[in-house]
Amino acid sequence: MKNSYDIVIVGGGPAGLAAAVAAKEAGNDSILILERDKELGGILNQCIHNGFGLHTFKEELTGPEYADRFKQRVFELGIDYKLGTMVMNIDGDRTVTAMNRDDGMFTIPAKAVILAMGCRERARGALNIPGYRPAGIFSAGCAQRLVNIEGYMPGKEVVILGSGDIGLIMARRMTLEGAKVKVVAELMPYSGGLKRNIVQCLDDYGIPLKLSHTVVDIEGKEHIKAVTIAEVGPDRKTVPGTEERYTCDTLLLSCGLIPENELSVSAGIEMNPVTGGAVVNESLETSMPGIFACGNVLHVHDLVDYVSEEAKRAGQNAVKYINAGCREGNTEGNIEIVAESGARYTVPKTVDTGRMEDLLTVRFRVGDVYKDSFVSVYFDDERVMHNKKRIMSPGEMEQIVLKKNDLADRKNLRKITVKIENE
């Protein structure tokens with residue numbers, strides 16, 4: 001490891017690996033990946049199911065296979081990396097402070113920093129579930145690691161709260177390992193996961209999904225013995241008389257993911273309260289010059305292929321920033337991108353036509369289930385896109401593509417609005 005690097009990437013998961021490879025291929029030879037785990041690959045190492053890589057590699061891969069494609073490129077390109085290393089702080093001048101058992105505490109000055117820390121699961125403490133705190137309650141990701149990597153079965157009779165993709169996948173995984181998954185309860189009136197996972201992981205195995213239901217009681221002091229679920233109304237309050245009791249020895253929680261942004265917040269980066277990630281421009285640059293963000297630390301994705309695509313842009317733009325002398329490139333004024341009327345947020349939040357590529361993909365999620373509705377885009381008050389979608393749900397990301405020529409033709413454009421319309 002050298003004393004300084006042009007680019008320091010925080011996180012060696014799919015986003016960090018893709019960003020590093022893209023930066024190297026863009027011509028920068030001074031790159032360091034810092035990863036707190038004992039190996040590169042991130043969460044993909046425990047995702048042994050298939051369904052990865054259809055967009056990136058045009059073939060279906062498991063999570064470890066997908067990660068290995070990028071790891072091999074990192075090795076082939078000779079990109080430096082440090083494992084078992086925790087980043088403690090990032091200063092405004094892009095000095096990274098980190099520590100590990102071999103080097104102790106150390107600092108690395110960088111010309112650009114790419115944040116790729118990923119996300120974590122929402123824990124029980126954030127869910128306010130009543131009842132005791134017995135053994136047998138796991139996050140779905142923890143159970144996934146126990147089964148797929150450590151070789152342990154959390155239990156044999158399972159109830160799952162939340163229908164995020166990890167929870168749906170673990171319903172199938174636990175079933176295949178001989179457990180009985182009795183029910184998946186979801187607080188919202190719609191699933192938080194991909195439609196294909198509902199079909200392949202629940203429907204194909206006869207596992208019931210109860211929407212607008214939540215856990216209202218947990219029994220057992222030493223170890224969980226049973227849970228009670230109940231229906232909730234539009235106000236999220238339980239409906240009396242709808243309680244159902246399920247005996248179980250395991251409760252898995254799959255209630256959403258949170259971007260790992262403690263470093264970003266402590267660095268003073270402007271955050272988006274909807275996504276929990278940083279506010280970024282078309283280059284995926286945060287409010288701190290030279291600090292970029294990509295992947296699930298920016299906003300939670302549904303497909304890892306989109307993480308890699310986004311991270312590739314972050315790596316390339318970090319190199320452009322350095323090549324420009326760590327200054328802003330050609331700027332023609334920021335255009336704000338606003339999400340309204342059913343669209344919850346957009347990434348990026350601003351776009352500058354002087355720096356954007358010919359095409360810019362803007363990703364967003366909707367706040368409810370919409371059927372036979374339209375994704376509309378307005379340039380100031382003029383509607384320029386009106387695309388019909390058969391169905392949209394919060395569990396699946398949507399996107400629009402902006403063309404540089406269209407924006408450049410409107411010299412006085414100051415706002416782009418993305419909204420959901422019925423007609």
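Residues numbered from 1 in each chain as written. Predicted model: local features only at pLDDT ≥ 70, side-chain atom pairs only at ≥ 80, totals over all residues. Heavy atoms only, no water.

> I'm lost on the pattern of salt bridges in this one. Help?
Close approach of charged atoms lets side chains of opposite charge pair. Counted by the stated rule, this structure contains 23 salt bridges. Across the pair glutamate 177 and arginine 173 runs a salt bridge, and its minimum N-O distance is 2.8 Å. Of the charged contacts, one joins lysine 389 and glutamate 398 as a salt bridge, the two residues approaching to 3.1 Å between their closest N and O atoms. Since its relative accessible area comes to 29%, lysine 389 is described here as partly exposed. The exposure class assigned to glutamate 398 is buried, which follows from its relative accessible area of 9%. Salt bridges sharing common partners tie together Arg36, Arg120, Glu260 and Glu262. (Salt bridge = Lys/Arg side-chain N within 4 Å of Asp/Glu carboxyl O. Buried < 20%, exposed > 50% of the residue type's maximum accessible area, 1.4 Å probe, protein only.)

> Even after reading the chapter, I still don't get the pairing of strand β20 (residues 359-364), so can you show me in this structure?
Where a strand is regular, its side chains alternate between the two sheet faces. Counted residue by residue, β20 has five buried out of six residues, so it is predominantly covered. Note that β20 and strand β23 (residues 398-403) share six bridges and pair antiparallel. By the bridge assignment, leucine 360 is partnered in β23 with leucine 402. (Helix = DSSP H or I, 4+ residues; strand = E, 2+ residues; numbered from the N terminus. Pairing = 2+ DSSP bridges.)

> Before we go on, may I ask you to explain the nonpolar core in this structure?
Generally speaking, soluble globular proteins have nonpolar side chains that are buried together. Core analysis: the largest hydrophobic core is formed by 66 residues, its most contacted members being Ile7, Ile9, Ile90, Ile114 and Leu115. Looking at this core, the element that brings in the most residues is helix α7 (residues 304-323), giving nine residues. For leucine 115, the contacting residues outside a window of four places in its chain are Val10, Ile90, Ser264, Ile269, Ile291, Phe292, Ala293, Cys294 and Val297. Judged by nonpolar contacts, the second largest core, of 21 residues, contains Ile335, Met385, Leu407 and Ile420. (Core = buried A, V, L, I, M, F, W, Y, C linked by side-chain atoms within 4.5 Å. Contact = heavy atoms within 4.5 Å.)

> Would you explain the sheet that holds strand β8 (residues 137-139) in this entry?
The pairing of strands in a sheet comes from backbone hydrogen bonds and takes either a parallel or an antiparallel form. Reading across the sheet, the five strands line up as β8-β15-β9-β10-β11 and stay open at both edges, with parallel pairing between neighbours. One side of each edge strand has no neighbouring strand; the edge strands of this open sheet are β8 and β11 (209-211). The average angle at which neighbouring strand axes cross in this sheet is 20°, direction not considered. Of the pairings in the sheet, the one linking strand β10 (residues 180-186) to β11 comprises three bridges and is parallel in character. In the sheet register, alanine 185 faces β11, and the bridge partner there is lysine 210. (Axes fitted to C-alpha atoms, helices over the stretch in contact; angles between N-to-C directions.)

> Even after reading the chapter, I still don't get the packing of aromatic side chains, so can you show me in this structure?
The relation between two aromatic rings is expressed through the spacing of the ring centres and the mutual angle of the planes. Evaluation of the coordinates by the stated rule reveals five aromatic pairs. Measuring from ring centre to ring centre gives 5.9 Å for phenylalanine 75 and tyrosine 81, while their planes differ by 45°; the resulting arrangement is tilted. Overall, the relative accessible area of 33% leaves tyrosine 81 in the partly exposed class. Taken together, Phe57, Tyr66 and Phe70 form an aromatic cluster joined through their ring pairs. A cation over an aromatic ring shows up here: arginine 69 above the ring of phenylalanine 57, its NZ or CZ 5.0 Å from the ring centre. Taking the ring centre of tyrosine 378 as reference, the NZ or CZ of lysine 419 above it sits at 4.7 Å. (Phe/Tyr/Trp six-rings, centres within 6.5 Å; stacked < 30°, edge-to-face > 60°. Lys NZ or Arg CZ within 6 Å of the ring centre and 35° of its normal.)

> Would you mind going over helix α3 (residues 140-150) with me for this structure?
One turn of an α-helix holds 3.6 residues; hence residues three or four places apart share an orientation. Among the residues making up α3, those that are buried are Ala140, Gly141, Ala143, Gln144, Val147 and Asn148. An end-on view of α3 places all buried positions within 155° of arc, on one side of the element. Where the residues of α3 are buried, they touch β7 (119-121), β8, α4 (165-176) and β15 (250-253). Just downstream of α3, glycine 151 is the residue with a positive phi angle, here 80°. (Arc of directions from axis to C-beta.)

> Which parts of the structure should I look at to understand the packing of α4 against helix α5 (residues 195-202)?
Angle between the axes and distance between the axes: these two values describe a pair of packed helices. Running from N to C, α4 and α5 cross one another at 20°; their axes reach a closest spacing of 8 Å. Here α4 lies roughly parallel to α5, going by the angle between them. You can see that α4 and α5 cross each other, and the crossing is left-handed. Residues Asp165, Leu168, Ile169, Ala171 and Arg172 of α4 pack against Asn197, Ile198, Gln200, Cys201 and Leu202 of α5. Classifying every residue of the contact of α4 with α5 gives six nonpolar, two polar and two charged. (Parallel < 35°, antiparallel > 145°, perpendicular 65-115°, else oblique. Left-handed = near helix turned anticlockwise from the far one by under 90°. Nonpolar A, V, L, I, M, F, W, Y, C, P; charged D, E, K, R; others polar.)

> I'm lost on a nonpolar patch on the surface in this one. Help?
Taken together, the side chains of Met86, Met88, Met99 and Met105 make up a nonpolar region of the molecular surface, amounting to roughly 370 Å² of accessible area. Given a relative accessible area of 53%, methionine 105 falls into the exposed group. (Patch = residues over 30% accessible without salt bridge, like charges linked within 9 Å, V, L, I, M, F, W, Y side chains within 5 Å. Areas by Shrake-Rupley, 256 points an atom, 1.4 Å probe, with all protein chains shown as cover.)

> Which parts of the structure should I look at to understand helix α1 (residues 14-25)?
Taking 1.5 Å of rise per residue, twelve residues should cover 16 Å, and α1 covers 16 Å from first to last C-alpha, within 8% of that figure. The element α1 is extensively covered by neighbouring structure, given that eleven of its twelve residues are classed as buried. Considered for burial, the residues of α1 that qualify are Pro14, Ala15, Gly16, Leu17, Ala18, Ala19, Ala20, Val21, Ala22, Ala23 and Lys24. Positive phi appears at glycine 27, one or two residues downstream of α1, with a value of about 110°. (Expected span 1.5 Å × (residues − 1).)

> Mind showing me how you'd approach the pairing of strand β21 (residues 370-379) here?
The element β21 is extensively covered by neighbouring structure, given that seven of its ten residues are classed as buried. In this sheet, strand β22 (residues 382-392) lies alongside β21 in antiparallel orientation, the contact comprising nine bridges. Note that in β22 the partner of serine 373 across the bridge is lysine 389. Two strands pair when backbone bridges link them, and β21 and strand β24 (residues 415-421) are joined in this way by six bridges, in the antiparallel orientation. Bridge pairing in β24 links tyrosine 378 to threonine 417.

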